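Structural characterization, general
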There are 2 protein chains.
Amino acid sequence: MSNEDNSKKNFSDIALWYLREQIIDGHMQPGEKLIESNISETLNLSRGPVRDALKQLAIEGLVDYHPNKGCTVALLSPKDAYEVFFLRGSLEKLALEKSGGHVDAYGILAMENALDEIKSLAGADNLLAEVNADEKFHAQIVLSGQITRLYKMWELLSPLNGAMFLTLKNIGEKAEIDNFGKSRGDRLIDQHERILRAVKSGDLEEACRALDAHYLRNGEIIYRSSLKNGLNK
Amino acid sequence: MSNEDNSKKNFSDIALWYLREQIIDGHMQPGEKLIESNISETLNLSRGPVRDALKQLAIEGLVDYHPNKGCTVALLSPKDAYEVFFLRGSLEKLALEKSGGHVDAYGILAMENALDEIKSLAGADNLLAEVNADEKFHAQIVLSGQITRLYKMWELLSPLNGAMFLTLKNIGEKAEIDNFGKSRGDRLIDQHERILRAVKSGDLEEACRALDAHYLRNGEIIYRSSLKNGLNK
DNA sequence: ATAATAAATATTGTTAACAAAATTGCCGCA
DNA sequence: TGCGGCAATTTTGTTAACAATATTTATTAT
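Within each chain, residues carry numbers counting from 1 in the order of the written sequence. Starting at A for chains and at 1 for ligands, labels are handed out in the order in which the entities are written. The model is predicted, so local features are restricted to residues of pLDDT at least 70 and side-chain atom pairs to those at 80 or more, both for listing and for counting; the totals for chains, interfaces and linings are taken over all residues. The side-chain quantities take in all heavy atoms of the structure and omit both hydrogens and water.

Only runs of H or I of at least four residues qualify as helices and only runs of E of at least two qualify as strands under DSSP, and these elements are numbered from the N terminus. The secondary structure content of chain A amounts to 10 helices and three strands. Helices and strands in chain A line up, N terminus first, as α-β-α-α-β-β-α-α-α-α-α-α-α. Relative to its 233 residues, chain A shows a buried fraction of 52%. Counting only contacts in chain A whose residues sit at least 6 apart along the sequence, the fraction spanning at least 24 positions is 71%. All accessibility values rest on the Shrake-Rupley procedure with a 1.4 Å probe; residue burial counts only the protein chains present in the view. As presented, chain A carries roughly 10,900 Å² of accessible surface, and 51% of it is formed by carbon and sulfur atoms. Relative accessible area decides the class of each residue, using a 1.4 Å probe on protein chains only: under 20% of the type maximum gives buried, over 50% gives exposed, and in between gives partly exposed. What makes two residues a contact is simply this: any of their non-hydrogen atoms within 4.5 Å.

See below:
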C-alpha cells in the first residue's frame, strides 16, 4: 500500500488508488459491476486510465475481468482468504529464512513505529489506516530477505490482504468469534508484539511460529465464520 | 506460457505474445527502447493495445517502465536470475509440501509428456518450445498444491524464467561451463528425470532436493559465467 | 570550440469518437 | 403466461487526434 495520497501523478494511478480504496473499504459490493464510463465520469477523466486501473486490479485479484463483458468486484471466498494468508505468511517466512531472522536496525524501528500506529488505531474505525500500518510492519520482514522480486510478489498480495481485513473487521464486529476475551484490535496487537519480539531477539524459529499463528488464526476466523453466516460461496 | 498461438483474440494479447516472444527469443536487445508507435505499426494496430501489453510486461519484469519516458527491454542481472530461480523453486516446493509430494495420475502423465518433449527438443535450437515444455513440466508440480493463487504467482514468473533460459542457452553455447561432460540439453533431461522419479515415488524430501539441485545449478551457471564474461551489471 | 539556451522533433499521456460485442426490452405468438 | 427472436441500448474494444513531456538539434554568446 503506502498510499498517503502521495505521487498521484498520472490519471491511471488516480483511478487505481480510488478503486482500490473503494473496494477495500467496502464501498463497493462484491459482484458489483464496474462500468468504465461511470467511473471515468465520477473521476472526471476518460476511460483509458480507468481501463488501465481495472487491468491492474484484475492482476491483484480485487476485480474479476470478463473479456468483452467488463469487470466486477471480486467475490472472495474463504478459500481465497486462506490462500492469501497462507501465501503472505509463506513469503514472509521465506524472507526471514534468507535473512536468518535478522531485521536491521532501521527495519526494527519501522516495525516499532508501525506497531504504535496499530495500537493508536485500535477502535478508531479507520480500516485503511489499519491496513497501511499492518502493511508497513510486515513489509520490513519481507525486505529483510533482500530479494527484490520476493518483495514485489508479496506486495502484489497486499490489496487482497486489505480486502480480507475488511472481512475480518466485519466478522469482528458481529463478534460471535471467541478471541480469548479480547477485541479484534487487541488480538492484532498481541500477535504483532509477539512477532516483533521474536525478530528483535533474532529467534528465527519463534518468528516463523508467530507468523504462522498470526496468519493461520486469521484464516481460521474467516473459515469458521463462513460456516455460520454463509459468506460468499 | 502455454501459448501455442491459441486464443489470440483481442489486440492487447496479440501485442503481449508478440513482445514476450521477441524478448524471450532474444530478438530484442536488453536495454533497447520499445517505442509504442513503432510496435503498433509493425503489428498493424493502434497504440492502445500495445500500451496494455507493455504494462503487463512491466509487471512480469521483462520490461522496465519509466513514466513519461517509455519502456526498455529489461536488463537482467545475475541477481535477477538467482531471484527468479530461487522463487520458482520455493513456490514449487511450497506446493509440493501442500500436496505431500503427491501429483495425481493426470499430472504425472503431463509431466512425462513434457519430459518427452524436452528430450525430443535436445539440440533442436527451438528455445520457445523448450521453455514451453519446461513450463508444462513444472506447472504440474505447482498445480498439485491446489492453491490457485500460488499457481498464479508462479505463472507470473514464467516469462522472466523464459528470458533466463535464453541466457542459459547462450552461456551453454559458449560452453566453458563444466557440465560433467554433458551438454546443456542432457543436463536438463537428467535433472527433470530426477524430479519426476521423486514425484512418482511420492518422495517429498527427494523431490525438494531435486528441485533445489535443478534451480540452484541454473543460478550457479549464470553467476559463474557473469564472473568471466561480464554479464549485465 | 564550448556551454547555455531556444527551437524543432519525437514520444508518451489523455481524450473523444467510432466499431464490435453483449445486454436489455419489446413484440408477437403459442 | 411464458418463450423465442429481433430491435434498441448499453458497454467494451479500438482507433486517431490532441496535449504534455522529454529528447534532440540548432543557434548564439562567450
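Before going further, it helps to spend a moment on the pattern of salt bridges. When charged atoms on two side chains of opposite charge get close, those side chains can pair. Residues and elements named next belong to chain A. Any carboxyl oxygen of Asp or Glu within 4 Å of a side-chain nitrogen of Lys or Arg constitutes a salt bridge here. Applying the stated criterion across every chain yields a total of 30 salt bridges over all chains. Linking Glu193 and Lys119 is a salt bridge whose minimum nitrogen-to-oxygen distance equals 3.0 Å. Of the two residues, Glu193 is situated in helix H9 (residues 184–200) and Lys119 in helix H5 (residues 105–120); the sequence distance between them amounts to 74 residues. Salt bridges linked by common partners bring Glu36, Arg47 and Arg51 together as one network.

Another point: the packing of helix H4 (residues 78–99) of chain B against helix H6 (residues 127–144) of chain B. Residue and element names in this part refer to chain B. The axes used here are C-alpha line fits, helices contributing only the stretch in contact, and every angle between their N-to-C directions lies in the interval 0 to 180 degrees. The contact between H4 and H6 brings their axes to 6 Å, and the two run at 45 degrees. When the interaxial angle is binned, H4 and H6 end up oblique. Of the residues in H6, those in contact with Arg88, Glu92, Ala95, Leu96 and Ser99 of H4 are Asp134, Glu135, His138, Ile141, Val142 and Ser144. We call Asp, Glu, Lys and Arg charged. Ala, Val, Leu, Ile, Met, Phe, Trp, Tyr, Cys and Pro are nonpolar, and the rest, Gly among them, are polar. Of the residues assigned to the contact of H4 with H6, the class counts are four nonpolar, three polar and four charged. Comment on the angle field: the value is read as roughly parallel under 35 degrees, roughly antiparallel over 145, roughly perpendicular from 65 to 115, and oblique elsewhere.

With that settled, the discussion passes to the packing of aromatic side chains. Only Phe, Tyr and Trp rings take part, Trp by its six-membered ring, and two of them pair if their centres are within 6.5 Å. Stacked means planes under 30 degrees apart, edge-to-face means over 60, and tilted covers everything else. For the structure shown, the criterion picks out six aromatic pairs over all chains. A centroid spacing of 6.0 Å and a plane angle of 10 degrees characterise the contact between Tyr82 of chain B and Phe86 of chain B, whose relative ring orientation is stacked. Residue Tyr82 of chain B and its partner Phe86 of chain B are both found in helix H4; the two are separated by four residues, about one turn of the helix. According to the relative accessible area criterion, Phe86 of chain B is buried, its value standing at 18%. Comment: the charge-over-ring label is applied if NZ (Lys) or CZ (Arg) is within 6 Å of the ring centre and within 35 degrees of the ring normal. Note that Lys98 of chain B overlies the ring of Phe86 of chain A, its terminal NZ or CZ placed 4.5 Å from the centroid.

Here the copies are matched by least squares. The fit uses the C-alpha atoms of residues with pLDDT of at least 70 in both. Rotating chain A by 180 degrees about the axis while translating it 0.0 Å along that axis superimposes it on chain B, leaving an RMSD of 0.0 Å. Here the transformation between the copies is reduced to the relation of a two-fold axis. Of the residues that chain A buries at the interface, 100% are likewise interface residues in chain B, meaning the two copies contact each other through the same surface.

What follows is about the interface of chain A and chain B. Taken together, the contacts link 26 residues of chain A with 26 residues of chain B. Note on definitions: buried area is the accessible-area loss of two parts on being combined, 1.4 Å probe, summed for both. Buried area between chain A and chain B, summed over both chains or domains, comes out near 2,300 Å², and the portion from carbon and sulfur atoms is 65%. Scanning the region where chain A abuts chain B turns up two salt bridges. A salt bridge links Asp52 of chain B to Lys55 of chain A, with the shortest nitrogen-to-oxygen separation between them at 3.4 Å.

So, about the side chain of Glu36 of chain A. Mapped onto the secondary structure, Glu36 of chain A falls in helix H2 (residues 36–42). Residue Glu36 of chain A is classed as buried on the basis of its relative accessible area of 16%.

As a further point, take the environment of Leu128 of chain B. All names here are of chain B. Along the chain, Leu128 falls in helix H6. The exposure class assigned to Leu128 is buried, which follows from its relative accessible area of 16%. Leu128 sits 104 residues away from Ile24 along the chain, and the two C-alpha atoms are 7.7 Å apart. Excluding residues that lie within four positions of it along the chain, Leu128 makes contacts with Glu21, Ile24 and Asp25.

A separate point is the protein's contact with DNA strand D. Lining the immediate surroundings of DNA strand D are 21 residues, of which Arg47, Arg51 and Asn68 of chain A together with Phe11 and Ser46 of chain B lie closest. Nearness is defined per residue: one heavy atom within 4 Å of the molecule or strand is enough. Considering DNA strand D, the proportion of its atoms within 4 Å of the protein that are sugar or phosphate atoms stands at 69%. At 3.4 Å from a phosphate oxygen of DNA strand D is found a main-chain nitrogen or oxygen belonging to Leu34 of chain A. Counted as a polar contact is a pair of N or O atoms within 3.5 Å, where, for protein atoms, one must be capable of donating a hydrogen and the other of accepting one, and residues adjacent in sequence contribute only when both atoms are in side chains. Contact between DNA strand D and Ser46 of chain B: a phosphate oxygen at 2.7 Å from a side-chain N or O atom of the residue. Contributions of two or more residues to the surface near DNA strand D are made by strand S1 (33–34) and helix H3 (47–60) of chain A together with helix H1 (11–24) and helix H3 (47–60) of chain B. For the surface near DNA strand D, the element with the highest residue contribution is H3 of chain B, accounting for three residues. Split into classes, the residues belonging to the surface near DNA strand D amount to seven nonpolar, seven polar and seven charged.

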